[in-house]
Structure formats: structure tokens, C-alpha cells
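If you want the building blocks of each chain, they are given just below.
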Amino acid sequence: MSGLHAQDTTSQSSGPQHLVTVVSHPLVQHKLSLMRDIHTGPKEFRELAAEVTLLLAYEAMRDLETEAVTLETPIQKGEFPMLAGKKLAVVAILRAGLIMSDSILRLVPAARVGHIGLYRDPETLRPVAYYNKLPQDIAERRVFLLDPMLATGGSAVAAIDTLKAAGALSVKLLSVLAVPEGIARVHASHPDVEIVTAAVDERLNDHGYIVPGLGDAGDRIYGTK
Ligand SMILES: O=P(O)(O)OC[C@H]1O[C@H](OP(=O)(O)OP(=O)(O)O)[C@H](O)[C@@H]1O
Ligand SMILES: O=c1cc[nH]c(=O)[nH]1
Ligand SMILES: [Mg+2]
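Residues numbered from 1 in each chain as written. Chains lettered and ligands numbered in written order. Predicted model: local features only at pLDDT ≥ 70, side-chain atom pairs only at ≥ 80, totals over all residues.

Visitor: Kindly report on the site of ligand 2, identifying the contributing residues and their values.
Guide: Within the structure, ligand 2 sits among Met149, Ala151, Gly208, Tyr209, Ile210, Gly213, Asp216, Ala217 and Gly218. The residue makeup of the shell around ligand 2, split by class, is 5 nonpolar, 3 polar and 1 charged. (Near = placed C-beta within 6 Å. Nonpolar A, V, L, I, M, F, W, Y, C, P; charged D, E, K, R; others polar.)

Visitor: Give a description of the UniProt feature "binding site: 5-phospho-alpha-D-ribose 1-diphosphate" (unreviewed entry) in the protein that names residues and reports values.
Guide: Feature annotation in UniProt assigns "binding site: 5-phospho-alpha-D-ribose 1-diphosphate" (unreviewed entry) to the following positions: Arg95, Arg120, Asp147, Pro148, Met149, Leu150, Ala151, Thr152, Gly153, Gly154, Ser155 and Asp216. Looking at the element boundaries, Gly153 is found in the loop between β10 (149-150) and α4 (154-165). Leave out the neighbours within four places in its chain, and Gly153 touches Glu181, Gly182, Arg185 and Val186. Relative to the elements of secondary structure, Asp216 occurs in the loop between β14 (210-211) and α6 (217-222). Overall, Asp216 belongs to the partly exposed group, with 17 C-beta atoms counted inside 10 Å. (UniProt positions renumbered as here; feature names shortened; annotations may be inferred. Helix = DSSP H or I, 4+ residues; strand = E, 2+ residues; numbered from the N terminus. Contact = placed C-beta atoms within 7 Å. Buried ≥ 20, exposed ≤ 12 C-beta atoms within 10 Å, placed from the backbone.)

Visitor: Residues and numbers for the environment of His18, please.
Guide: Checked against the element boundaries, His18 lands in the loop between β2 (10-13) and β3 (20-23). Note on His18: 19 C-beta atoms within 10 Å, which makes it partly exposed. For the pair His18 and Ser175, spaced 157 residues apart in sequence, the C-alpha separation works out to 15 Å.

Visitor: Could you give me a rundown of the packing of helix α1 (residues 26-36) against helix α2 (residues 42-60), with the residues and numbers involved?
Guide: What describes two packed helices is the angle between their axes and the distance between those same axes. Across the interface, α1 lies against α2 with an axial gap of 9 Å and an inter-helix angle of 155 degrees. Put simply, α1 runs roughly antiparallel to α2. Remark: the crossing between α1 and α2 carries left-handed chirality. Residues Leu27, Val28, Lys31, Leu32, Leu34 and Met35 of α1 form the contact with α2, whose own contacting residues are Phe45, Leu48, Ala49, Glu51, Val52 and Leu55. For the contact of α1 with α2, the class distribution of residues is 10 nonpolar, no polar and 2 charged. (Axes fitted to C-alpha atoms, helices over the stretch in contact; angles between N-to-C directions. Parallel < 35°, antiparallel > 145°, perpendicular 65-115°, else oblique. Left-handed = near helix turned anticlockwise from the far one by under 90°.)

See below:
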């Protein structure tokens, strides 16, 4: 990606628009490499996907607002920061995003949860919608859209279209793995959507799979191949 510059644990493209955060922390990279390994089975793959999601969420939620509240420790009274501002929603793109929403709810248990059912047609690579259930008050919430793979970007764009049609005003996309094509496609349609990912791989192959990638995320999570 052009325009990336290193920070402590992340690299970001510059400017408020077209923002991509690559979480280059060694823990994330180690776990991602284990996910890539063809010998990693579904149980371990699911555990790793859940752990990487927590670490992506840690970065993605860095700008959550806090406010000082007064409370008493066992030692003395004081003012301490607690989450404030807009409420949160996590939205999983089915199937593979489910593992991410389950994980992220451990960090933000009060978040509402939405589901968008999409699968990618293997011939056309276009997303096919089959389900959609979102929190009613999504316009008032910061939305974290979850899908481990950002490949052609067709699924992410369709999901963001659905979120915005439902009123969502603030959307961040968390993906374990992305490619430049997918990022460009999302930002061509939705330049306001920040993408947080563990890595940006080289390219797509002729079947629309990320190279070197980790294979088909849904199949690896659920052992369906
Ligand atoms: O960026 P794209 O080219 O649209 O590809 C990415 C999509 O492909 C995978 O889902 P898949 O269609 O395999 O559905 P599944 O999660 O049910 O396996 C993945 O989880 C994304 O949703
Ligand atoms: O590499 C890819 C591309 C799309 N979907 C996946 O699960 N993996
Ligand atoms: Mg799949």
C-alpha cells in the first residue's frame, strides 16, 4: 500500500479519508501465520481467528470516547474514565464473520449484534444476499463490520450498502486479511469507511482467492471442505 508509515504497533495510510490500519504487532502476525498454515485444523483456526479479532478490535476501538465518572475504590473516591458517546453495534457477514462477532462481544458485551448473510458466487465472484437482521437503532450506533476476508471487496461493499441503507452513519471494517484490490473497491464506494486488518497480501488469484492468503475462511472455520 502506498502512503503507509510505521507506528508503534500499526501502519496507517495518511489522511482522514481512505484510512487503512495494518496491525503489525508481533502477536497478531504470529497468530495470522498459524492461521495461514495448511496444517492448522478448524478448532485451532477458530481460536486464532477469535484472538486476532480481539487484537484488531483493540486497535479499531482506540478512538472510543470516554468520560470521567466518580466512583470509590477501596482506598478513596476519584474520577475515572469509562466508555461514553455513541453506543456500539457489531455486524457479522455470515458465515465467517460469526467467529469474529462472538469474540468481540467479550470486549464490548453491551454492543448490539447484526447479521448480514452473503455468499460469493464461485463463478461470478459476486456476492449473493440471503439474510439481513440489523439493530433497529443502527443510525445511533458506531458499527464494526466483521469479515475475516476482504478479497474482491464485493461482499464488503454489499454489506456496507446494506448498513447505510438501514441508516448507519459510522462504519469500520475489521478483516483479518485484505488485498489492495478489495481495499480499493471498498474505498471507491465508501471512502469514509476505515479498514483495520492484520495484513495486506499480494493479490487475488484467478479464482478470487487471496494470495498467499489462508484459503477459504468459512471452510476452515467450520471444516466444510
Ligand atoms: O471480497 P469478496 O471477494 O467478496 O470475498 C470475501 C468473502 O468471501 C468469503 O465468504 P464466502 O462467500 O466464502 O461465504 P462463507 O463465509 O459462507 O463461506 C469471506 O468470508 C467474505 O465474505
Ligand atoms: O481468499 C479468500 C477469498 C475469499 N474468501 C475466502 O474465504 N478466502
Ligand atoms: Mg467461504
